[in-house]
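Residue strings, one per chain:
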Amino acid sequence: MKTPVALAMLQREGRWLLQLRDDDDTIIYPGHWGLFGGHIEAGETPTEAVMRELDEEISWTPQRPLQHWFSNNNGTRMVHVFRGTLDVSIDALKLLEGQDLRLTSLEEMESGRVWSEHKKEERPVAPGLGIVIQRLLEERLMAEDAVGDGDSDDG
């Protein structure tokens, strides 16, 4: 099994922070939109890894620790996904890894293609992001159902 990874799903004003990966055939999903994060180093916890990666990739450390959202073993790699709020504007971030960064809607991610202002073209969403998108859609449906249940008039 490959080295496990820790990834960050960061939200600001109802949109999610994505990284446009480099066009480098030696990395997984080159030229695709994905999440910031990376490999967990020996002796490092997933939480430590995601915090280190955010500092290395966008020179940012969250004010509050990110919450572990879920882990998934896809058969080749263990992925730990953390979730939190991006508590600064996107302009305050310094992109140190990747080609572009963007706050995007769930609908854009679900479409499979997201515009890159830097590249002046749409680029595909990494297939590995599918499980994250699915979980966000399920959460939205559950929230809508909860609101719907509260509005029902049974009497």
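Residues numbered from 1 in each chain as written. Predicted model: local features only at pLDDT ≥ 70, side-chain atom pairs only at ≥ 80, totals over all residues. Heavy atoms only, no water.

1. Considerations on the pattern of salt bridges
Per the counting criterion, the structure on display carries 12 salt bridges. With a closest N to O distance of 3.6 Å, arginine 52 and glutamate 41 form a salt bridge. Placement of arginine 52 in helix H1 (residues 46–58) and of glutamate 41 in the loop between strand S4 (36–39) and H1 is noted, with a sequence separation of 11 residues between them. Through salt bridges with shared partners, one network takes in Glu41, Glu44, Arg52, Glu53 and Glu56. (Salt bridge = Lys/Arg side-chain N within 4 Å of Asp/Glu carboxyl O. Helix = DSSP H or I, 4+ residues; strand = E, 2+ residues; numbered from the N terminus.)

2. Quick look at the packing of aromatic side chains
The tally for this structure, following the rule as stated, stands at one aromatic pair. Considering the side-chain rings of tryptophan 69 and phenylalanine 70, the 5.1 Å spacing of their centres and the 70° angle between planes classify their relative orientation as edge-to-face. Classification of tryptophan 69 by relative accessible area gives buried; the value is 19%. Classification of phenylalanine 70 as buried rests on a relative accessible area of 4%. Against the face of tryptophan 69 rests arginine 83, its NZ or CZ located 4.5 Å from the ring centre. A cation sits over an aromatic face here: arginine 135 above phenylalanine 70, 3.9 Å from the ring centre. (Phe/Tyr/Trp six-rings, centres within 6.5 Å; stacked < 30°, edge-to-face > 60°. Buried < 20%, exposed > 50% of the residue type's maximum accessible area, 1.4 Å probe, protein only. Lys NZ or Arg CZ within 6 Å of the ring centre and 35° of its normal.)

3. Structural notes on the pairing of strand S8 (residues 113–116)
Here S8 shows a buried face lined by Val114 and Ser116 and an unburied face lined by Arg113 and Trp115. Of the pairings in the sheet, the one linking S8 to strand S9 (residues 121–124) comprises four bridges and is antiparallel in character. Following the sheet pairing, valine 114 is matched in S9 by arginine 123. The antiparallel hairpin formed by S8 and S9 contains four residues in its connecting segment, where lysine 120 sits at a positive phi of about 60°. (Pairing = 2+ DSSP bridges.)

4. Details of the layout of surface pockets
The volume enclosed by the largest pocket comes to roughly 780 Å³. Taken together, 32 residues form the lining of the largest pocket, with Val5, Leu7, Arg21, Ile28 and Tyr29 sitting closest to its centre. Mapped onto the lining of the largest pocket, the elements with two or more residues apiece are strand S1 (5–12), S4, H1, strand S5 (67–73), strand S6 (78–85) and helix H3 (130–151). For the lining of the largest pocket, the residue count by class is 13 nonpolar, 11 polar and eight charged. As a volume, the second largest pocket reaches approximately 160 Å³. For the second largest pocket, the full set of lining residues is Pro62, Gln63, Arg64, Pro65, Leu66, Gln67, Arg83, Gly84, Thr85 and Asp87. The greatest single-element share of the lining of the second largest pocket, amounting to three residues, is contributed by S6. When its residues are assigned to classes, the lining of the second largest pocket shows three nonpolar, four polar and three charged. (1 Å grid on protein atoms, 1.4 Å probe; cavity = no way out; pocket = protein on both sides within 12 Å on 5 of 7 lines; lining within 4 Å. Points joined across faces, edges and corners; volume = space filled by probe spheres on them. Nonpolar A, V, L, I, M, F, W, Y, C, P; charged D, E, K, R; others polar.)

5. Some thoughts on the nonpolar core
Burial of nonpolar side chains together is a common tendency in soluble globular proteins. If you look at the biggest cluster of nonpolar residues, it comprises 21 residues, and the most contacted ones within it are Met9, Met109, Leu129, Val132 and Leu136. For this core, the elements supplying multiple residues, two or more each, are S1, strand S2 (15–20), S5, S6, helix H2 (106–111) and H3. The element that contributes the greatest number of residues to this core is H3, accounting for four residues. In this structure, leucine 129 is in contact with Leu18, Trp33, Gly34, Leu35 and Met109, ignoring residues within four places of it in sequence. Core analysis: the second largest hydrophobic core is formed by 17 residues, Ala8, Ala49, Ile58 and Leu103 among them. (Core = buried A, V, L, I, M, F, W, Y, C linked by side-chain atoms within 4.5 Å. Contact = heavy atoms within 4.5 Å.)

6. Observations regarding a negative patch on the surface
Where like charges cluster on the molecular surface, the negative patch consists of Asp22, Asp24, Asp25 and Glu97. Its location among the elements puts aspartate 22 in the loop between S2 and strand S3 (33–34). The exposure class of aspartate 22 is partly exposed, given its relative accessible area of 31%. (Patch = residues over 30% accessible without salt bridge, like charges linked within 9 Å, V, L, I, M, F, W, Y side chains within 5 Å. Areas by Shrake-Rupley, 256 points an atom, 1.4 Å probe, with all protein chains shown as cover. Lys, Arg positive; Asp, Glu negative; His and termini not counted. Charge placed at Lys NZ, Arg CZ, Asp CG, Glu CD.)

Such coordinate-based values are descriptive only and should not be taken to indicate function.
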